[in-house]
Amino acid sequence: MILLFAALLALSPAEHTAASRITSNEISGHLRFLSDDLLEGRKPGTPGDALAIQYLAAQLEAFGYKPGGDNGTFLQAVPLVELHAEVPHDIAFQAGSQSLTLHAGGGSAADLILEPNAHLDRATLQNTPLVFVGYGITAPEYGWDDYKDIDVKGKIVVVMNYNPPFKGEGIRLWYGRWDYKYINASKHGAAGAFVIHTTPSAGYPWQVLANSNTGTHQDLPPNDQEPHGMQFQGWIQDAAAIKLAQLAGQDLNALRTAADQKGFKPVPLGVSLTLDMPILKKNFNSANVVGILPGTDPKLKDEAIMYSAHHDHLGRITPVAPATDGIFNGALDNASGCAAVLTIAHAFAAAPPKRSVIIAFVTAEEQGLLGSKYFAQHPAFPAGRIAVDINVDSFNKWGKTSDIGLSGLGKSQVDEIAKSVAAEQGRTVHGEAHPDRGMYYRSDQFSMALVGVPSLYSLGGPTFVGKPQGWGDEQSLNFERHDYHQPSDEYHGDWNLEGAIQDAQLQLISGMRIANAPQMPAWVPGDEFEAARKSAQR
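The paragraphs below set out a description of the structure included in this document. (Residues numbered from 1 in each chain as written. Predicted model: local features only at pLDDT ≥ 70, side-chain atom pairs only at ≥ 80, totals over all residues. Heavy atoms only, no water.)

From N to C terminus, the chain includes 15 helices and 20 strands. In summary, the chain has a C-alpha radius of gyration of 23 Å against a globular reference of 24 Å for 538 residues, a match within 12%. Seen through its principal axes, the chain has C-alpha atoms that stretch 80 × 50 × 50 Å. The burial tally for the chain puts 57% of its 538 residues in the buried class. Summed over its atoms, the accessible surface of the chain is roughly 20,500 Å², and 52% of this surface lies on carbon and sulfur atoms. Side chains of the chain give 40 positive and 57 negative charges; the mean places of these two sets differ by 5 Å. (Helix = DSSP H or I, 4+ residues; strand = E, 2+ residues; numbered from the N terminus. Rg over C-alpha atoms; globule rule 2.2 N^0.38 Å. Buried < 20%, exposed > 50% of the residue type's maximum accessible area, 1.4 Å probe, protein only. Areas by Shrake-Rupley, 256 points an atom, 1.4 Å probe, with all protein chains shown as cover. Lys, Arg positive; Asp, Glu negative; His and termini not counted. Charge placed at Lys NZ, Arg CZ, Asp CG, Glu CD.)

Here it is, written out as structure tokens:
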């Protein structure tokens, strides 16, 4: 038993009992199974995905949770559509009599990545012009519109990743996420979109995209509320984008400098693309795994706290390097989060709180937060009665820390509860260690925030006990460069789980205190998600 609290007397008897159940053995056992080669990378719709789903459901049943899924089961079926494009290897761009051929496909040598966007049988473009639209952002609250004074309907937009410093330098907002770029391009009627990749603007190297690319994209079935109109969505390497602009005598760096100004207007590049790309469609179901621990208070049990972690990863591909087996085990991302949430769920069973506890292992996060988006639309409790979503997407595998980062710090009253628990652990609290990554908008708590549910999304570090300053950042950067979304993200039983225990105990105790509090936490007045909360509670 390890209780990583400097102030043990601050814990109630129930908190002490629950926290003592967070053990490295339990975390390691779940992690070892969920990241095993047997599960073949847990891609939605595969046998390995089904095996992970059944394991998670069986564990919740064993802990004494009630089914929170469909028809009295632990499984909430999530309908998905898989779109697989037969992407040409050579993509020719034309500028008058000049042409440039760029290479698409997998592997770090690729210049382009193309995936389906619209639910079509074939993507067909004929001499379609390209337009540079800067950041591709429409943000009236900041007086910013990168699509002003131009009609891009039926054209291909080329867009920069990231966003202007709306809230200060180095802070990525939803507007700075690649998925926003595609959504906004589609809203404006674009036929396709290329996001320019640079490592600083993406937050990860090109190999993260290229080595796992198969031309396949999974999506929820289309609906009338969202645009699904583009022939393709894609990425282009920075060096290739520079060559593409030069083809028609344009200077991409000068265009990017101009795009940093509010008065920027889109620039036709003078380049066109012809594309014929067959698309294969397959409909299938994956599942969210949902369990409920009923609350002990006769009134408050109709409200709930929620813990979430995505169970999916990227599956497997034909190895691109002889040293790998092609299986994207996703040990840290996110077998680790599932292991932590399972262990927390087990601990709660020993000390049920006043409000109910929802445990949700969601699918298809790697495909664009699809499982959590579906859960948010079909929640186990009404969104207005869910007090908080405590999301775990990868934990700290490098040891004990003296600090912890809260993604979205300053957005809701949840922060004060987490700060109090961290102080009892002898740890300081700060915002995201790397706010340029925009972590708040790229994991499953974002789906819940969109329907008004406050969140706690935390990760210990980067200051590690007994290690020199900067050591934690080095570990994180090394993982990002070599293991993130790569077959090398594996677990061999050699991680230092003290930091994972620290964080899981903080997530557990914070959740217990919210679950036992008289009132649910609120968003800070004026926050971007406050209106959704008010709407959900009408």
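Having put the structure on the table, let's press on.
What follows covers the pairing of strand β6 (residues 122-132). Two elements, β6 and strand β13 (residues 267-293), share eight bridges in a ladder whose sense is antiparallel. By the bridge assignment, Thr128 is partnered in β13 with Leu273. Sheet analysis places β6 next to strand β9 (residues 156-160), joined by three bridges and oriented parallel. The residue of β9 that forms the bridge with Phe132 is Val158. (Pairing = 2+ DSSP bridges.)

Okay, the sheet that holds strand β17 (residues 403-406) next. With respect to topology, three strands assemble into an open sheet ordered β18-β17-β20, the strand pairing being mixed. Each of the sheet's edge strands pairs with one partner strand only, and the pair in question is β18 (428-430) and β20 (458-460). Adjacent strand axes in the sheet meet at a mean angle of 25° when their direction is disregarded. In the sheet, β17 pairs with β18 via three bridges, with the strands oriented parallel. Considered in β18, the bridge of Asp403 is made with Thr428. In the packing of helix α14 (residues 498-516) onto the sheet, contacts are made with β17 and β20, and the angle to β20 comes to roughly 145°. (Axes fitted to C-alpha atoms, helices over the stretch in contact; angles between N-to-C directions. Contact = heavy atoms within 4.5 Å.)

For the rest of this paragraph, the subject is the nonpolar core. Grouped together as the largest cluster of nonpolar side chains are 86 residues, with contacts concentrated most on Leu60, Tyr65, Phe348, Phe361 and Leu508. Looking at this core, the element that brings in the most residues is helix α9 (residues 331-349), giving 12 residues. Among residues more than four places away in sequence, those in contact with Leu60 are Tyr65, Phe74, Val289, Val290, Gly291, Leu342, Ala345, Ile359 and Phe361. In this structure, Leu102, Leu112, Tyr162 and Leu252 belong to the second largest nonpolar core, which totals 54 residues. (Core = buried A, V, L, I, M, F, W, Y, C linked by side-chain atoms within 4.5 Å.)

This part is about the pattern of salt bridges. Across all of its chains, the model carries 17 salt bridges by this definition. Glu15 is the partner of Arg513 in a salt bridge, and the nearest nitrogen-oxygen pair spans 2.9 Å. Of the two residues, Arg513 is situated in helix α14 and Glu15 in helix α1 (residues 13-19); the sequence distance between them amounts to 498 residues. When its relative accessible area of 8% is taken as the criterion, Glu15 is described as buried. Where Arg122 meets Asp276, a salt bridge forms, and the shortest distance between an N and an O atom there is 2.7 Å. (Salt bridge = Lys/Arg side-chain N within 4 Å of Asp/Glu carboxyl O.)

Residue alternation in β17 divides its side chains into two sets, Asp403 and Gly405 and Ile404 and Leu406, and both sets are buried. Read from β17 through helix α11 (residues 414-424) to β18, the crossover connection turns out right-handed. Of the strand pairs in this sheet, β17 and β20 are connected by three bridges, and their pairing is antiparallel. Paired with Gly405 across the strands is Leu459, a residue of β20. (Right-handed = clockwise from strand over helix to strand, strands pointing away.)

Counted by the stated rule, this structure contains 23 aromatic pairs. Ring centres of Phe464 and Trp471 lie 5.2 Å apart, and the angle between their planes is 70°; this geometry places the pair in the edge-to-face category. Neither residue differs from the other here; Phe464 and Trp471 are each classed as buried. Members of the aromatic cluster, connected to one another through ring pairs, are Tyr142, Trp144, Phe166, Trp174, Tyr175, Tyr180, Tyr440, Tyr441, Phe446, Trp523 and Phe529. Just above the ring of Phe284 sits the side chain of Lys282; from NZ or CZ to the centre is 5.4 Å. The residue whose ring lies beneath Lys467 is Trp471, and the NZ or CZ to ring-centre distance is 4.9 Å. (Phe/Tyr/Trp six-rings, centres within 6.5 Å; stacked < 30°, edge-to-face > 60°. Lys NZ or Arg CZ within 6 Å of the ring centre and 35° of its normal.)

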